[in-house]
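# Fold and geometry: a report
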Amino acid sequence: MALTIHNSLTRAKEPFAPLDADMVRMYVCGPTVYDYAHIGNARPIIVFDVLFRLLRALYGEEHVRYVRNLTDVDDKINARAAEEGVPISEVTARTIRQFHADISALGVLPPTVEPRATEHIAEMQEIISRLIDAGCAYVAEGHVLYDVTARPDYGALSKRSLDEMLAGARVEVAPYKKNPMDFVLWKPSKEGEPAWESPWGAGRPGWHIECSAMSWKHLGETFDIHGGGIDLQFPHHENEIAQSTCAFHTPFMAKYWLHNGFLQVEGRKMSKSLGNFITIHDLLAEWPGEVLRLNMLRTHYRQPVDWTKKGLEESWKTLRGWYGRCDMDAVEGEGAFAPPVLEALCDDLNTPKALAALHQLEGAELAASLKALGFSRNIADPRQGAVDADGIEALIAAREAARAEKNWAEADRIRDELAARGVVLKDGPEGTSWELKR
Ligand code: AMP
Ligand code: ZN
């Protein structure tokens, strides 16, 4: 069946034709590892996992190479390590562990390669040297900057002119930049920050160069698909293209660029200040991972998702209904897409249409399609059996005691701990009662 995908480069749906049908190559920007991933971060992970599964079904498991990186050098990571007074490696190792645990609960397959930025410093330096030689980058005050005026096609992905970029962007104005839009390839490290020796002094890479280096190392100078969230289109992906095409003298970096839309929560932008910031980890304390996966796939990847509790409840009901109608244990291997499901996915990864098709299926076909989509009946209610009523009562008693002592900080800490377990407290004249949030 022929696959059609929407290419951000042309803003149109195009037939997918791999550069090398023997090895389809896809790169997706992975997380910066300094804290738990939020449910918005889960969107590209789930969406491109479905595309990975689809490509494997179409071209064969051995003929798809999927690279999703880990950004393990970044100012946010340094700041977190300094705040906690622990080594940077402790923050990154812990966060990577948490990330893997979270996304495996979401039914996400490991990518073929999961490169780390800190293991590709040599490749980054090689690209930077080539950019300087090609006249696309310059050295200034210990920094190496990419010169956005070096080539006329800068802005081709985001369809912006330099003037429009400047008007819309928060650019870091620095006296050593020739153009305010010029971006950092290499920068000096301050005391206590990670630093690598380089021809331009001890320092560390900029963010954009990391993905050009890792995709080059693991996929080559050009490859088929590059994915990520829509927020990455500019400047991150624009800059990746500029770096890679200039360094390798290629007409393009990736042939197809795919961008997922944004996720908001209960109709509002997710943010820490609005108090509606939810991590995958927190959601998994309350919902089976497969419910989160299904809820994500009910919206087409290019549309915005409104993440709601109502949606999660509906997703759980749907999943239970499907599992009630088929025998997942009878499915062998990774399953297989039934024709109407495959057809929907081949239409620019139309998951809402694919899920609608599942409703029409029965028995073995339904089970095999579910498995192929990453659902394998791993839906134990995280609170069933895990609910430790005695433990909850003991915490409530400890909270009462803290309140009696006017130790509000401790009382609040216990309330938060209970909330993390999905317990809602009701303070009334009879004392405190509790129930589980649904
Ligand atoms: P970051 O760690 O912020 O670089 O984000 C990692 C990935 O998550 C990128 O592909 C982002 O585009 C994506 N992402 C971040 N926030 C959201 C959101 N609210 N909705 C959808 N995707 C998001
Ligand atoms: Zn990237």
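Everything discussed here concerns the structure shown above.
Residue indices follow the written sequence of each chain, beginning from 1 at its first position. Written order decides the labels, with chains lettered from A and ligands numbered from 1. Whole-chain, interface and lining totals are the exception, using all residues; otherwise, since this is a predicted model, local features are given only for residues with pLDDT of at least 70 and side-chain atom pairs are given and counted only at 80 or more. By convention in this description, side-chain values take in all heavy atoms of the structure and omit both hydrogens and water.

### A look at the sheet that holds strand 10 (residues 254-260)
- The criterion for strand pairing is that DSSP finds at least two bridges linking the strands in question. Under the scheme used here, helices are H or I runs from DSSP no shorter than 4 residues and strands are E runs no shorter than 2 residues, and both carry numbers assigned from the N terminus. Pairing within the open sheet is parallel, and its four strands lie in the order 4-3-9-10. If you trace the sheet from one side to the other, it starts and ends with strand 4 (64-68) and strand 10, each paired once. Averaged over all pairs of adjacent strands, the angle between strand axes in this sheet comes to 20 degrees, irrespective of strand direction.
- Note: strand 9 (residues 223-229) against strand 10, six bridges, orientation parallel. Bridge pairing in strand 10 places Ile225 opposite Tyr256. Angles here are taken between N-to-C directions and fall from 0 to 180 degrees, while the axes themselves are lines fitted to C-alpha atoms, restricted in helices to the stretch in contact.

### Let's talk about the site of ligand 1
- Any residue with a heavy atom positioned within 4 Å of a molecule or strand is treated as near that molecule or strand. Lining the immediate surroundings of ligand 1 are Thr32, His38, Gly40, Asn41, Pro44, Gly229, Asp231, Leu232, Asn260, Gly261, Phe262 and Leu263.
- In the environment of ligand 1, an oxygen atom lies 3.1 Å from a nitrogen or oxygen atom belonging to the backbone of Gly229.
- Contacts described as polar in this section are N or O atom pairs within 3.5 Å, which, within protein, must combine one atom able to donate a hydrogen with one able to accept it, while residues neighboring in sequence count only if both atoms come from side chains. Taking Asp231, its side chain carries an N or O atom lying 2.3 Å from an oxygen atom of ligand 1.
- Per-residue and other accessible areas follow the Shrake-Rupley method at a 1.4 Å probe size, with only the shown protein chains counted as cover for residues. Protein chains shield 84% of the accessible area of ligand 1, which is 480 Å² for the free molecule.
- The dominant element in the shell around ligand 1, judged by the number of residues it contributes, is helix 1 (residues 39-59), at three residues.
- Taken together, the residues that form the shell around ligand 1 break down as four nonpolar, seven polar and one charged. Ten residue types, Ala, Val, Leu, Ile, Met, Phe, Trp, Tyr, Cys and Pro, are classed as nonpolar, four, Asp, Glu, Lys and Arg, as charged, and the remainder, Gly among them, as polar.

### Topic: helix 4 (residues 121-133)
- Between its first and last C-alpha, helix 4 extends 18 Å over 13 residues, near the 18 Å set by a 1.5 Å rise per residue.
- Taken residue by residue, helix 4 has Ile121, Glu123, Met124, Gln125, Ile127, Ile128 and Leu131 as its buried positions.
- Working rule for contacts: check all heavy atoms of both residues, and any pair within 4.5 Å makes them a contact. The inward-facing, buried residues of helix 4 contact strand 5 (137-140), strand 6 (143-146), strand 7 (183-188), strand 8 (203-205), helix 6 (207-219) and helix 7 (233-248).
- Directly beyond the C-terminal end of helix 4, a positive phi value near 80 degrees is found at Gly135. For a helix, the expected span equals 1.5 Å multiplied by the number of residues minus one. Residue exposure (1.4 Å probe, protein chains only): buried if accessible area is under 20% of the type maximum, exposed if over 50%, otherwise partly exposed.

### Digging into the coordination of the zinc ion (ligand 2)
- We call an atom a donor if it is N, O or S and sits within 2.8 Å of the metal, or 3.2 Å for Na, K and Ca. Water is not counted, so some sites may look partial. Coordination of the zinc ion (ligand 2) by the protein comes from Cys29 (SG), Cys211 (SG), His236 (NE2) and Glu240 (OE), over a distance range of 2.0 to 2.4 Å.
- Just to be clear on the cut-offs, tetrahedral is four donors with all angles between 85 and 135 degrees, square planar is four donors and octahedral six with opposite donors over 155 degrees apart and all others between 65 and 115, and anything else goes down as irregular. Taken together, the four donor atoms surrounding the zinc ion (ligand 2) define angles of 77 to 128 degrees at the centre, an arrangement classified as irregular.
- Motif for the zinc ion (ligand 2), donor spacing along one chain: C-x181-C-x24-H-x3-E. Taken as a pair, Cys29 in the loop between strand 3 (24-28) and helix 1 and Cys211 in helix 6 lie far apart in primary sequence, 182 residues in all. The exposure classification of Cys29 matches that of Cys211, with both residues buried.

### Side note on the sheet that holds strand 8
- Spatial strand order, 5-6-7-8: four strands in an open sheet with antiparallel pairing. Two strands in the sheet have a free side with no partner beyond their single neighbour: strand 5 and strand 8. Each adjacent strand pair in this sheet contributes to an overall mean axis angle of 20 degrees, direction not counted.
- Taken together, the three bridges between strand 7 and strand 8 define a ladder with antiparallel strand orientation. Paired with Lys187 across the bridge in strand 8 is Arg204.

### Some details on the pattern of salt bridges
- We define a salt bridge as a contact between a side-chain nitrogen of Lys or Arg and a carboxyl oxygen of Asp or Glu at a distance within 4 Å. Going through the model one piece at a time under the given rule, you end up with 22 salt bridges.
- Linking Glu61 and Arg56 is a salt bridge whose minimum nitrogen-to-oxygen distance equals 3.8 Å.
- The class of Arg56 is buried, set by a relative accessible area of 15%.
- Here Glu126 ties to Arg130 by a salt bridge, and the two come within 2.8 Å at their closest N and O atoms. Of the two residues, Glu126 and Arg130 both sit in helix 4, four residues apart, roughly one turn of that helix.
- By relative accessible area, Arg130 is classed as partly exposed at 30%.
- Each of Asp75, Lys187, Glu193 and Arg204 takes part in one network of salt bridges that share partners.

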